[in-house]
Amino acid sequence: DAGITQSPRHKVTETGTPVTLRCHQTENHRYMYWYRQDPGHGLRLIHYSYGVKDTDKGEVSDGYSVSRSKTEDFLLTLESATSSQTSVYFCAIRPVLGYNEQFFGPGTRLTVL
Amino acid sequence: AQSVAQPEDQVNVAEGNPLTVKCTYSVSGNPYLFWYVQYPNRGLQFLLKYITGDNLVKGSYGFEAEFNKSQTSFHLKKPSALVSDSALYFCAVRVGGGGADGLTFGKGTHLIIQP
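Keep in mind that what you see is a predicted model, and the values were worked out from it rather than measured.

Asks: Provide a residue-level description of the state of the cysteines, including the pertinent values.
Replies: All names here are of chain A. Scanning the entire structure with this criterion turns up two disulfides over all chains. Covalent S-S linkage joins Cys23 and Cys91, the inter-sulfur distance amounting to 1.9 Å. Disulfide Cys23 to Cys91: torsion about the S-S bond roughly -70°, handedness left-handed. With Cys23 in strand S3 (residues 19–25) and Cys91 in strand S9 (residues 87–94), this pair connects stretches of sequence that are 68 residues apart.

Asks: Which residues make up the layout of surface pockets, and what are the values?
Replies: Here the largest pocket defines a volume of roughly 630 Å³. Taken together, 29 residues form the lining of the largest pocket, with Gln37(A), Val88(A), Arg109(A), Gln38(B) and Leu88(B) sitting closest to its centre. Secondary structure elements with two or more residues in the lining of the largest pocket: strand S4 (31–38), S9 and strand S11 (108–112) of chain A together with strand S10 (87–95) of chain B. For the lining of the largest pocket, the per-class residue count stands at 10 nonpolar, 13 polar and six charged.

Asks: Quick rundown of the packing of aromatic side chains? Include the residues and the values.
Replies: Applying the stated criterion across every chain yields a total of 16 aromatic pairs over all chains. Taken together, a centroid distance of 5.4 Å and an interplanar angle of 85° make the contact between Phe104(A) and Tyr36(B) edge-to-face. You can see Phe104(A) sitting in strand S10 (residues 103–104) and its partner Tyr36(B) sitting in strand S5 (residues 31–38), one on each of two chains. Assessed through its relative accessible area of 7%, Phe104(A) is described here as buried. The class of Tyr36(B) is buried, set by a relative accessible area of 0%. An aromatic cluster of three or more residues is present, and its members are Tyr33(A), Tyr35(A), Tyr48(A), Tyr50(A), Phe103(A), Phe104(A), Tyr36(B), Phe46(B), Phe90(B) and Phe105(B). Between the NZ or CZ atom of Lys78(B) and the centre of the ring of Phe63(B), over which it lies, the distance is 5.0 Å.

Thresholds applied
- Residues numbered from 1 in each chain as written.
- Chains lettered and ligands numbered in written order.
- Predicted model: local features only at pLDDT ≥ 70, side-chain atom pairs only at ≥ 80, totals over all residues.
- Heavy atoms only, no water.
- Disulfide = S-S within 2.5 Å.
- Helix = DSSP H or I, 4+ residues; strand = E, 2+ residues; numbered from the N terminus.
- 1 Å grid on protein atoms, 1.4 Å probe; cavity = no way out; pocket = protein on both sides within 12 Å on 5 of 7 lines; lining within 4 Å.
- Points joined across faces, edges and corners; volume = space filled by probe spheres on them.
- Nonpolar A, V, L, I, M, F, W, Y, C, P; charged D, E, K, R; others polar.
- Phe/Tyr/Trp six-rings, centres within 6.5 Å; stacked < 30°, edge-to-face > 60°.
- Buried < 20%, exposed > 50% of the residue type's maximum accessible area, 1.4 Å probe, protein only.
- Lys NZ or Arg CZ within 6 Å of the ring centre and 35° of its normal.

If you want it as structure tokens, here you go:
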């Protein structure tokens, strides 16, 4: 599992409320990613990070923000959740040396009512 | 912009028969190509990758994939399917080289192996 945990694993919230999802890694990897998975769309990149306080937008970043104040934690925030953000969210890491593939966490299932 | 197409939503194969899951890609530059598998209610597991070198790459669980530059394809194959291979399969691409770029995924193909 590449030492990646995500919390919470399941969450139900209401439209308009803020939500923060956490990705935690134990192996000091530099690169971290947030994706969302929706039927018929595969996985789509939301944001990624290439170091502490270094982040950039992905394909579907509108409505999301991220923060990385420590190497091991990458937070995804929905400032005001909408029903269109109901999805399964995956965090991933990519080791810098010797790898090109990414390794994924177990996912967080978010339902926005 | 880069993209991945998996033209089949579902592939049905009898156990013991060979299987192929198709993937074509579009990218500006040299492609790094990947296959992942997802079992129900689980995360994605890495199967194999093409970075450079031999066009036929071998991965986990007896899977292999063939990189075809002229056809911009990277089809996943297995000589003899198992019922336990039934899962959702994703092809992904990124532009080769260093950097933190994320992956672009296809929409996924459900592989169903019938006993």
